[in-house]
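These are the residues of each chain, in order.
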Amino acid sequence: MTCPNDLGRRSLLKGAAALGGVSAVGAFRNLALAEDTTQQTEIPAITFQDVPLSSGAKLTIEHRGQIVLFGINRPYIQNRIDPETFEKLAEAYYQYDHDPSLRAAILFGHGENFSRGIDVEGFKSLAGTGKPWIASTGTIDPLQKRAPHLTKPLIVVTHGDTWNMAHELFLVADIRIASADTRFGQDENTHGRFPGGGATIRFPREVGWGNAMRYMLTGDHWSAEEAYRTGEVQKVAPDAKDALETGIRIANKIADCAPLGIRTTLASAHLAIDQSEEEALSKLEAQFGALFQTQDFLEGRKAEAENRKPVYQGK
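Quick look at the structure, then. (Residues numbered from 1 in each chain as written. Predicted model: local features only at pLDDT ≥ 70, side-chain atom pairs only at ≥ 80, totals over all residues. Heavy atoms only, no water.)

What follows covers the pairing of strand 2 (residues 67-72). Successive residues of a regular strand alternate their side chains across the two faces of the sheet. Of all six residues making up strand 2, six are buried, and the element is well covered by its neighbours. Burial of strand 2 is two-sided: the residues Ile 67, Leu 69 and Gly 71 facing one way and the residues Val 68, Phe 70 and Ile 72 facing the other way are all buried. Pairing geometry for strand 1 (residues 59-64) and strand 2, over six bridges, is antiparallel. Its bridge partner being in strand 2, Thr 60 is matched across the sheet by Gly 71. Between the end of strand 1 and the start of strand 2, which pair antiparallel, lie two residues, with Gly 65 showing a positive phi angle near 65°. For strand 2 and strand 3 (residues 104-109), the ladder comprises six bridges, and the chain directions are parallel. The residue bridging Phe 70 from the neighbouring strand is Leu 107, located in strand 3. Handedness of the β-α-β unit built from strand 2, helix 3 (residues 83-98) and strand 3 comes out right-handed. (Buried < 20%, exposed > 50% of the residue type's maximum accessible area, 1.4 Å probe, protein only. Helix = DSSP H or I, 4+ residues; strand = E, 2+ residues; numbered from the N terminus. Pairing = 2+ DSSP bridges. Right-handed = clockwise from strand over helix to strand, strands pointing away.)

This is the structure we're talking about:
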């Protein structure tokens, strides 16, 4: 269920962006009143705690003034995303969006890789059941397939392997930074699956149809340099440390700007794309889950375990 207050805030911002001038001023006054009322009654302002780096923390959280850093922390399995990590990230996004002290967020990965994407075995029992991947309240879908959506800026910083679901988390970002050693991949079709986290919609939008299909239909991987060439990446840094520092510098510049202007900029930009993509995004989980029940999916898993080339039958 979508939170009515989130919908109201988003609608008001969109209205302000569309109308401009005096109407926008009036909308912002109403927005301020709505924000005050929300914080006092229905949805108190959220201030959430840091989660320090440790072996038991699948997602770290670090506040740095007006920005917050989220770190994927499953290096023993190449930072693959399991349902618990996905849920924690969904909760963290919601908390960030509702914490009035925060202006920008950064997602990155601990260890040698940003992430190799979905933990297939971890999601196997959930995919295809029709059950939602995250709770209907107190969360924001990290893949932005349904409302509510983030209303504040998100920067994603990658290094090492950035495959499949991880690349789709990257595509959700408003600004994207990559270390020079980043190896992007959207190779689900070579494993009997398909890009079910939004790449079929966002990747062509960001880099053009031919560039996106070149990699999704073949399963070939591509470099940070290629991602920069196609416009998917805004900055390539020499290494992972410099990439994260670049992301932090940009986040702090955003935090120095007027927050209502930042929110309205995002809302205005989303006016052009949200409605046209809504139907396609809403069908992704069902399409993804259906492929988990096919013989080709089972063959893909078996071939991977046996270190051989799969033989697909289209069944």
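Right, let's talk about the pattern of salt bridges for a bit. This model, assessed by the stated rule, comprises 13 salt bridges. When the shortest N-O distance is used, the salt bridge between Arg 74 and Asp 119 registers 3.2 Å. With Arg 74 in the loop between strand 2 and helix 3 and Asp 119 in the loop between strand 3 and helix 4 (120-124), this pair connects stretches of sequence that are 45 residues apart. As a salt-bridge pair, Glu 206 and Arg 205 come within 3.2 Å of each other at their nearest N and O atoms. One salt-bridge network, held together by shared partners, links Lys 58, Arg 74, Asp 82, Glu 84, Lys 88 and Asp 119. (Salt bridge = Lys/Arg side-chain N within 4 Å of Asp/Glu carboxyl O.)

Mapped onto the secondary structure, Gly 138 falls in the loop between helix 4 and strand 4 (154-158). C-alpha of Gly 138 to C-alpha of Ala 92: the two residues are 46 residues apart in sequence and 9.2 Å apart in space. Setting aside chain neighbours within four positions, we find Gly 138 in contact with Ala 90, Glu 91 and Tyr 94. (Contact = heavy atoms within 4.5 Å.)

Quick look at the packing of helix 6 (residues 199-207) against helix 7 (residues 209-216) now. Look at helix 6 against helix 7: their axes get within 6 Å of each other, and the N-to-C directions meet at 135°. One way to sum up the angle between helix 6 and helix 7 is to call them oblique. Along its contact with helix 6, which presents Ala 199, Thr 200, Phe 203, Pro 204 and Val 207, the element helix 7 presents Trp 209, Asn 211, Ala 212, Met 213, Tyr 215 and Met 216. Grouping the constituent residues of the contact of helix 6 with helix 7 by class yields nine nonpolar, two polar and no charged. (Axes fitted to C-alpha atoms, helices over the stretch in contact; angles between N-to-C directions. Parallel < 35°, antiparallel > 145°, perpendicular 65-115°, else oblique. Nonpolar A, V, L, I, M, F, W, Y, C, P; charged D, E, K, R; others polar.)

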